[in-house]
There are 2 protein chains.
Amino acid sequence: MDEKIAPHKGDFLSDEQAMKLAIQEAYKGAPFVSPNPLVGCVILDENSKFLSSGYHHKFGEPHAEVDAYTKLSDQELHNAQVFVTLEPCAHEGKTPSCAKALAKMPLKRVIFGLEDPNPLVAGQGAQIIRETGISCLEYDGELKSDLEDTCEVFLKNFREKKTFVAAKVAQSLDGQIALANGESKWITSEGSREFVHELRAWYDAVIVGRKTIETDNPSLNVRHPEIQKENYLIVIDPQGKILNSKKSYKFLEIHKKEKVIFAVQKDVTTDYKTLKFTDLDDLLNQLWNLKIKSVFVEGGARTYSGFLTAGLIDRLHVFTAPVIIGSGDGLSWSEYFSIPALEHKLVLKNVKHKTFSPDQYLTGRLMRD
Amino acid sequence: MDEKIAPHKGDFLSDEQAMKLAIQEAYKGAPFVSPNPLVGCVILDENSKFLSSGYHHKFGEPHAEVDAYTKLSDQELHNAQVFVTLEPCAHEGKTPSCAKALAKMPLKRVIFGLEDPNPLVAGQGAQIIRETGISCLEYDGELKSDLEDTCEVFLKNFREKKTFVAAKVAQSLDGQIALANGESKWITSEGSREFVHELRAWYDAVIVGRKTIETDNPSLNVRHPEIQKENYLIVIDPQGKILNSKKSYKFLEIHKKEKVIFAVQKDVTTDYKTLKFTDLDDLLNQLWNLKIKSVFVEGGARTYSGFLTAGLIDRLHVFTAPVIIGSGDGLSWSEYFSIPALEHKLVLKNVKHKTFSPDQYLTGRLMRD
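Computed from a predicted model, the values in this text were never measured in an experiment.

**Quick notes on the sheet that holds strand E4 (residues 109–114) of chain B**
Residue and element names in this part refer to chain B.
Phase 1: Within the open sheet, the five strands sit side by side as E2-E1-E3-E4-E5. Their pairing is mixed. Two strands close off the open sheet at either side, each with one partner strand: strand E2 (50–55) and strand E5 (135–138). Between one strand axis and the next, the sheet turns through 15° on average, direction left out of account.
Phase 2: Relative to E4, strand E3 (residues 81–86) runs parallel, the two sharing five bridges. When the sheet's bridge partners are listed, Val-84 is paired in E4 with Phe-112.
Phase 3: Relative to the sheet, helix H1 (residues 15–27) contacts strand E1 (40–44), E2, E3 and E4, its axis offset from that of E3 by approximately 50°.

**A look at the relation of the copies chain A and chain B**
Phase 1: Each copy of the sequence occupies a distinct position, and chain A is placed on chain B by a rotation of 180° and an axial shift of 0.0 Å, giving an RMSD of 0.0 Å. Classification of the inter-copy transformation places it as that of a two-fold axis. Distance from the rotation axis, computed per C-alpha, reaches its smallest value in chain A at Gly-175 of chain A: 2.3 Å.
Phase 2: The overlap is high: 100% of the interface residues of chain A also sit at the interface in chain B, so the same surface is used on both sides.

**What to know about the pattern of salt bridges**
Phase 1: By the definition in use, this model includes 32 salt bridges over all chains.
Phase 2: In this structure, Asp-267 of chain A engages Lys-276 of chain A in a salt bridge whose closest nitrogen and oxygen atoms are separated by 2.9 Å.
Phase 3: By relative accessible area, which is 66% here, Asp-267 of chain A ends up exposed.
Phase 4: Residue Lys-276 of chain A is classed as partly exposed on the basis of its relative accessible area of 46%.
Phase 5: Here Arg-315 of chain B and Glu-152 of chain B are joined by a salt bridge, their closest N and O atoms 2.5 Å apart. One end of the pair, Arg-315 of chain B, is in strand E13 (residues 315–321); the other, Glu-152 of chain B, is in helix H7 (residues 152–160), and 163 residues separate them in sequence. Comparing Arg-315 of chain B with Glu-152 of chain B, the two get one shared label, buried.

**Overview of the domain arrangement of chain A**
Residue and element names in this part refer to chain A.
Phase 1: Considered domain by domain, chain A is made up of domain 1 (15–155) and domain 2 (162–368).
Phase 2: Of note, the centres of domain 1 and domain 2, computed from C-alpha atoms alone, are 33 Å apart.
Phase 3: Each partner contributes to the interface: domain 1 provides 12 residues, whereas domain 2 provides 15 residues.
Phase 4: Across the domain 1 to domain 2 interface the summed buried area is about 1100 Å²; carbon plus sulfur atoms make up 54%.
Phase 5: On the domain 1 side of the interface with domain 2, the three residues burying the most area are Pro-31, Glu-152 and Val-153, jointly 43% of the side's total.
Phase 6: The tally of links between domain 1 and domain 2 comes to four salt bridges.
Phase 7: The partner of Asp-149 in a salt bridge is Arg-315, and the shortest N-O contact between them spans 3.2 Å.
Phase 8: At the junction of domain 1 and domain 2, the tally comes to nine residue pairs in polar contact (both at pLDDT 80 or more).
Phase 9: Elements that contribute at least two residues to the side of domain 1 that touches domain 2 include exactly helix H6 (144–150) and helix H7 (152–160).
Phase 10: Counting residues per element, the side of domain 1 that touches domain 2 draws most heavily on H6, which supplies four residues.
Phase 11: The class makeup of the residues in the side of domain 1 that touches domain 2 is six nonpolar, two polar and four charged.

**Examining the environment of Val-235 of chain B**
Residue and element names in this part refer to chain B.
Phase 1: Along the chain, Val-235 turns up in strand E9 (residues 232–236).
Phase 2: By relative accessible area, Val-235 is classed as buried at 0%.
Phase 3: Between the alpha carbons of Val-235 and Ala-90 there is a distance of 39 Å; along the sequence they are 145 residues apart.
Phase 4: Here Val-235 is in contact with Val-208, Ile-213, Phe-251, Ile-261, Phe-262 and Ala-263, once residues within four sequence places are set aside.

**Looking at the pairing of strand E8 (residues 205–209) of chain B**
Residues and elements named next belong to chain B.
Phase 1: When you tally the buried positions in E8, you get five out of five residues, the bulk of the element.
Phase 2: With burial as the criterion, each face of E8 is covered, one bearing Ala-205, Ile-207 and Gly-209 and the other bearing Val-206 and Val-208.
Phase 3: Across five bridges, the pairing between E8 and E9 is parallel. Following the sheet pairing, Val-206 is matched in E9 by Leu-233.
Phase 4: Taken together, E8, helix H9 (residues 210–216) and E9 constitute a β-α-β crossover, and its handedness is right-handed.

**Here's the deal with the packing of aromatic side chains**
Phase 1: Tallied over the full model, the rule gives 32 aromatic pairs over all chains.
Phase 2: A centroid spacing of 6.1 Å and a plane angle of 85° characterise the contact between Tyr-304 of chain B and Trp-333 of chain B, whose relative ring orientation is edge-to-face. Here the residue Tyr-304 of chain B occupies a position in helix H13 (residues 301–309), and Trp-333 of chain B occupies one in the loop between strand E15 (330–332) and strand E16 (346–356), the gap between them amounting to 29 residues. With respect to burial, Tyr-304 of chain B and Trp-333 of chain B carry one shared label: buried.
Phase 3: Ring plane angle 35° and centroid distance 4.7 Å describe the contact between Phe-319 of chain B and Tyr-361 of chain B, whose orientation is recorded as tilted. Residue Phe-319 of chain B is located in strand E13, and its partner Tyr-361 of chain B is located in strand E17 (residues 359–368); the two are separated by 42 residues in the primary sequence. The same class applies to Phe-319 of chain B as to Tyr-361 of chain B, namely buried.
Phase 4: Taken together, the aromatic side chains of Tyr-27, Phe-164, Phe-195, Trp-202, Tyr-203, Phe-296, Phe-319, Phe-356 and Tyr-361 of chain A make up a single cluster linked through ring pairs.
Phase 5: Looking at Lys-354 of chain A, its charged tip hangs above the ring of Phe-195 of chain A, at a distance of 5.4 Å from the centre.

Definitions and limits used
- The residue numbers shown here count from 1 along each chain, following its written sequence.
- Here every chain gets a letter starting at A, and every ligand a number starting at 1, in the order they are written.
- It should be noted that, the model being predicted, local features are given only for residues of pLDDT at least 70 and side-chain atom pairs only at 80 or more, the latter also being counted only at that level, while totals for whole chains, interfaces and linings use all residues.
- Hydrogens and water are ignored here; the side-chain numbers use all heavy atoms of the structure.
- Should DSSP find at least two bridges between two strands, the strands are regarded as paired.
- Think of it this way: any DSSP run of H or I at least four residues long counts as a helix, any run of E at least two long counts as a strand, and we number them from the N terminus.
- Helix axes use the C-alpha atoms of the stretch in contact, all axes being lines fitted to C-alpha atoms, and the angles between their N-to-C directions lie in the range 0 to 180 degrees.
- The criterion used for residue contact is that any of the two residues' heavy atoms lie within 4.5 Å.
- A least-squares fit on C-alpha atoms brings the copies together, and the residues used are those whose pLDDT is at least 70 in both copies.
- For this analysis, a salt bridge means a side-chain nitrogen from Lys or Arg found within 4 Å of a carboxyl oxygen belonging to Asp or Glu.
- Three exposure classes are used, based on accessible area relative to the maximum for each residue type with a 1.4 Å probe and protein chains only: buried under 20%, partly exposed in between, and exposed over 50%.
- Boundaries of every domain are those given by an automatic assignment or by a domain database.
- Buried area is a sum: the accessible area each of two parts loses on coming together, probed at 1.4 Å, counted once for each and added.
- Two N or O atoms count as a polar contact when they lie within 3.5 Å, although within protein this holds only if one can serve as hydrogen donor and the other as acceptor, and sequence-adjacent residues are included solely when both atoms are side-chain atoms.
- Note that Gly is not counted as nonpolar here; it falls among the polar residues with everything else outside the nonpolar set of Ala, Val, Leu, Ile, Met, Phe, Trp, Tyr, Cys and Pro and the charged set of Asp, Glu, Lys and Arg.
- Handedness rule for crossovers: strands pointing away from the viewer, path from the first strand over the helix to the second running clockwise, crossover right-handed.
- When two rings of Phe, Tyr or Trp (its six-membered ring) have centres within 6.5 Å they constitute a pair, described as stacked for plane angles under 30 degrees, edge-to-face for angles over 60, and tilted for the intermediate range.
- We call a charge positioned above a ring when the Lys NZ or Arg CZ atom is no farther than 6 Å from the ring centre and deviates by at most 35 degrees from the ring normal.

So this is what it looks like as structure tokens:
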């Protein structure tokens, strides 16, 4: 990711910088807002001097606009400019309508990043503001893709009525995640691992394959100094091997029973919730019906490859450690995925980079070339 | 890599910043100085205000110190501080002794990054300067590893009497360089490819395996807007298949005959220079005898894996494109390299990152963990 914007009150910001800051703010709510979208808001005075910023902290709590404007006096809001990543809401849900609140203020203008796809809003939020004579425009600049990224889960949920799928890979420089003999251990840095725990919290559920449980015995909970969250855990266990095993697995001790779901392909007798699925698409549809709006795929090779092959991954988060394991006796995360010709390669779009020294981190939206 | 330092005359620089700038300067000579080391020099006034910088541009041309101090007046050099990445030379070769030249100046102090391993210098350069009463110290801070990196070829050549081996990999996000069916094409960005051409010029010779020639028919020359250089090209062709082929290969048209060397393992009749070798270590020793001080390995999978297995790679340059090819039908650059247990993984040290959007670039020194 590129450099952070961190203005002091009174600093001049261009429209682009204000929207960029609003995007930065939006991400602060990532672990806590589901099923709401991430939203950030920045308020400048009439001369584009920075006044305040805010974001939607948590589901059920005030929206980003409220978080930003309650920091300001009536005097400061006079002729102010509001930048918000998503169209202010027209409807009243757990909180009052932001559009109606903004419409009552003596603002110069409101710029919103994306139209809200929620049919309860979709243009109506902007309309409410415009009717009072305040200029209210949809942003149309270089940050449009970044704006889509901020609320991609929400957009997919609303546009396609489907669960959003993110996948995380922690690999060696040569694309390996383990040795073929099953030996596997953290190869990425502490900074990478802390961010993985944050990412787990960004999504409603973690998905993991049976073999990863058997070989790594992972906890798969959110262990982050600043985030407390209990995520759902979906274990893909087609033959019910884990369920029928006498072994004690860490994740069963750590996660509350009602947060663990086994995805199986044969009848299994168990106290745990099970979903009988035909393929991954079917599994995702069943998760959607359970109101699981987003999942975070954490391996292993068969699970990653299955999602890749089915074309179901929306976003990929890849952490690469500067070590070489060798494909000879290694296990690649894309081991069971293949394409017939290079023109069919999968391409990540709107790619962002970051360093968790000495690791590289890359994320992007996934689509066929 | 982190941010560049670009001071104006009169800007204050700390000792660390001055040395960092000297390192930056050193790299500017990378395509042209062999067999000399890369050297950079920065001169500050007595109050640590920036005066000038310079570097060793090209073999046979003035050294970095000269490049920096000839930009200054005698008045400016009064009480000046000289930061140079390598000990000033004591001996006179193609150019006069820098140590002797500095010793005649009214300097406050000289800080050099590394002691020159050349026995003709090794401490004697510093001694010459000290004898005149000028303080002359070896740098001992956080940039020590970066200083070693700047002249790693020269250091290996002098310390071990061996050819330095760098390797470049251009891979997909999942570690693939081609499809197993042989299909292969540039997957990295234009920015990455331009830097690859610069890197070719950093080293004396490119090494490539037979199969890469057959499948890709590459040119393997230096095509860079600012660099003109004819490198050696070593083709590893154990059975003489390329040599005996009737096919026309691009590299044979593009490279001068005397710059192409075939490494073979059986007798072959040809006008080209051949080296009969037993293993890669033996080949490198023969290249050392030909005064080839550094090589740049450019694939393919068997060649990379051979060098990895033999533990012969000193530096790795990896360009990763945000695309997924799949290990299923893909060819990994480490396809024929394996380790018995993760504790034997290869680890890159003093890793640096850069982005050639949308690609990631990573480089580091290679060693066993």
